[in-house]
Amino acid sequence: MESSPRAVGVAASASLALLVAALAAVAGAEGGYPFGFTEGYYDGTCPSVQSVVRSVMERHAAANPRTAPAILRLFFHDCFVNGCDASVLLDATGSMESEKDAEPNASLFGFNVIDDIKSELEKSCPATVSCADVLALAARDAVAMLGGPSWSVPLGRKDSLTATSTDDTKKSLPSTTDSLSELVRMFGENGLDERDLTALSGAHTVGMTHNCKHYEERIYDQRGQGGDSIDPSFAALRRQECAEKNNEPTVPFDERTPAKFDNAYFVNLLARRGLLTSDQVLYSQGCEAGDLVKTYAMNGEVFFADFARAMVKMGNIRPKQWWAPAEVRLKCSVANGHY
C-alpha cells in the first residue's frame, strides 16, 4: 500500500526535526556543555584520573617553576587551533606538519609533562582518558597551583588524528601586536565574547617572554621613547634590558607578582605597564574590555569567577568538523597506529 503525499510529508518533517535536534545536541546548548561532555565522564572507567593529573603536575611544578604557566599556555594554543583536540601535541610525520613548528608555537613548553601524565594513566586506565582531557585538567590544576581559581572540568573530548598545517595554525592564534578589534573578532570566531577575551588575557598574570621581538614595537616609536600608551619609565627599562641582553632578556608579563596567579596584570594595564600591545589594548576607553580591566583590577574575586567561567567555555570549543573520526590516543605525540 503506497503512502499518501501528506503522510510522506509528515514523516519527512519529523525526520528533519529529529536531525535538527540531534545537531543542536551535538553542538551544545547555549551556556551548556557540548553533547557527551560531563564532569563525571570517567567516574566509572578511570576514577583516579583527577588525582593522577594533579600528582604529576605537582611533581613537575616543584621541579620547574615554568611548568604551570607553560601548561596553561599549551591548552590555549590547542583550543584556538580547530578546537580542544590535543592536535598541538602531535609530532610531525612524513605526511603531516606539526602545529609545534608554527611560529607562534615555537616557544611552547611542557609536552613532557602531558606525556608523563598520560603514561601514568595508561598504567591504571589503559586506552581510556584522551590527551585532550588530560590537557584540560592539567591547565585547571596549573592555575590552582599558582594561587588562582579552580573549577569543574567537563570531560569527554577526543583526540584528533591529524594536526593543522603550520600556516593555518599561525592564522588561528592571536598576535602580540593585534588591535582590540582584531582580538574581539578572533575570539568571536571561537564563540568567545569580549568578557571572555578580557578574562582569559588575565592568564598573562603569570609567565615570561624571552625575546624583545614580541614587544619591540611597543617600547620604541619614531623617536625611540615609546608611545603614549606606555609608561615612559617602563619603556626605558625594557629598552635597556633588550640592549643589555642582545634582545633576548627574560621578562615577566606581570612585573608585580610574576609567579602568582592574581589580578595584578590588570593593575599593570591601568598604569600603562602592559608588556604586549595585545595586553595594553584591552584598556581602551569606552569599550567593555576597558571597563572590565578596571573592575578586575579592583576586585580579584570577580576576575577569578570570570576567568574560571571563560576557561570552561574555551575548553568546550570543538573542532570545526566535529563529526570527523577521532580517538583516544595511547601516546599523545602520535596518532594510534603510527608508531
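Per an unreviewed UniProt entry, the protein goes by the name Peroxidase and belongs to Oryza brachyantha. The record in UniProt for the protein states the following under Function (unreviewed entry): "Removal of H(2)O(2), oxidation of toxic reductants, biosynthesis and degradation of lignin, suberization, auxin catabolism, response to environmental stresses such as wounding, pathogen attack and oxidative stress." Turning to the protein, the UniProt record has this under Subcellular location (unreviewed entry): "Secreted".

With respect to the state of the cysteines
The full count for this structure, using the stated rule, is four disulfides. Residue pairing for Cys79: its cysteine sulfur links by disulfide to Cys84, the two sulfurs lying 2.0 Å apart. The S-S bond linking Cys79 to Cys84 shows a torsion near 120 degrees; that makes this disulfide right-handed. Considered together, Cys79 and Cys84 belong to a single accessibility category, that of buried residues. Disulfide pairing places Cys131 opposite Cys332 at an S-S distance of 2.1 Å. The sign of the S-S torsion, about -95 degrees, decides the handedness of the disulfide formed by Cys131 and Cys332: left-handed. Pair noted here: Cys131 is in helix α5 (residues 131-145) and Cys332 is in the segment after β4 (326-327), with a separation of 201 residues, a long-range link.

Some details on unusual backbone geometry
Look at Asn82: it is not a glycine, yet its phi comes out positive at around 60 degrees. Locating Asn82 in the fold gives a position in the loop between α3 (67-79) and α4 (111-124). Exposure remark for Asn82: the relative accessible area of 25% places this residue in the partly exposed category. Of note, the phi angle at Asn247 is positive, near 65 degrees, even though the residue is not glycine. Here Asn247 lies in the loop between α10 (232-244) and β3 (251-252). Its relative accessible area of 37% is what places Asn247 among the partly exposed residues.

Looking at a negative patch on the surface
Residues Glu97, Asp101, Asp167 and Asp168 make up a contiguous surface patch of negative charge. Here Asp167 shows up in helix α6 (residues 166-172).

Comments concerning helix α7 (residues 180-189)
Taken together, the buried positions of α7 are Leu180, Leu183, Met186 and Phe187. End-on, the buried residues of α7 take up no more than an arc of 130 degrees, which puts them together on one face. Along α7, the residues that are exposed and aim more than 90 degrees away from the buried face are Ser181 and Glu189. Those residues of α7 that are buried are in contact with α3, α6, α8 (194-201), α12 (277-280) and α13 (288-298).

Calculation notes
Residue positions are given per chain, counted from 1 along the sequence in the order it is written. Per-residue local features are limited, in this predicted model, to residues with pLDDT of at least 70; the limit for side-chain atom pairs, both in listing and counting, is 80 or more; totals at the level of whole chains, interfaces and linings are taken over all residues. Water and hydrogen atoms play no part in the side-chain values, which are based on all heavy atoms of the structure. UniProt positions are given in the numbering used here, feature names are shortened, and annotations may be inferred rather than shown by experiment. Cysteine sulfur atoms are paired as a disulfide whenever they fall within 2.5 Å. Working definition: with a 1.4 Å probe on protein chains only, accessible area under 20% of the residue-type maximum means buried, over 50% means exposed, and in between means partly exposed. Secondary structure is summarised from DSSP: a helix means a run of H or I of at least four residues, a strand means a run of E of at least two, and numbering begins at the N terminus for each. To count toward a patch, a residue needs a relative accessible area above 30% and no salt bridge. Like charges then connect within 9 Å, nonpolar side chains (Val, Leu, Ile, Met, Phe, Trp, Tyr) within 5 Å. Residue exposure ignores everything except the shown protein chains as possible cover, and the areas themselves are Shrake-Rupley values with a 1.4 Å probe. In the sections that follow, a salt bridge refers to a side-chain nitrogen of Lys or Arg positioned within 4 Å of a carboxyl oxygen of Asp or Glu. As used throughout, the charge tally considers Lys and Arg to be positive and Asp and Glu to be negative, leaving His and the chain termini uncounted. In plain terms, the charge of a residue is placed at NZ if it is Lys, CZ if Arg, CG if Asp and CD if Glu. What the arc measures is the spread of directions leading from the helix axis to the C-beta atoms. Throughout, a contact is declared for two residues whenever any of their heavy atoms are within 4.5 Å.

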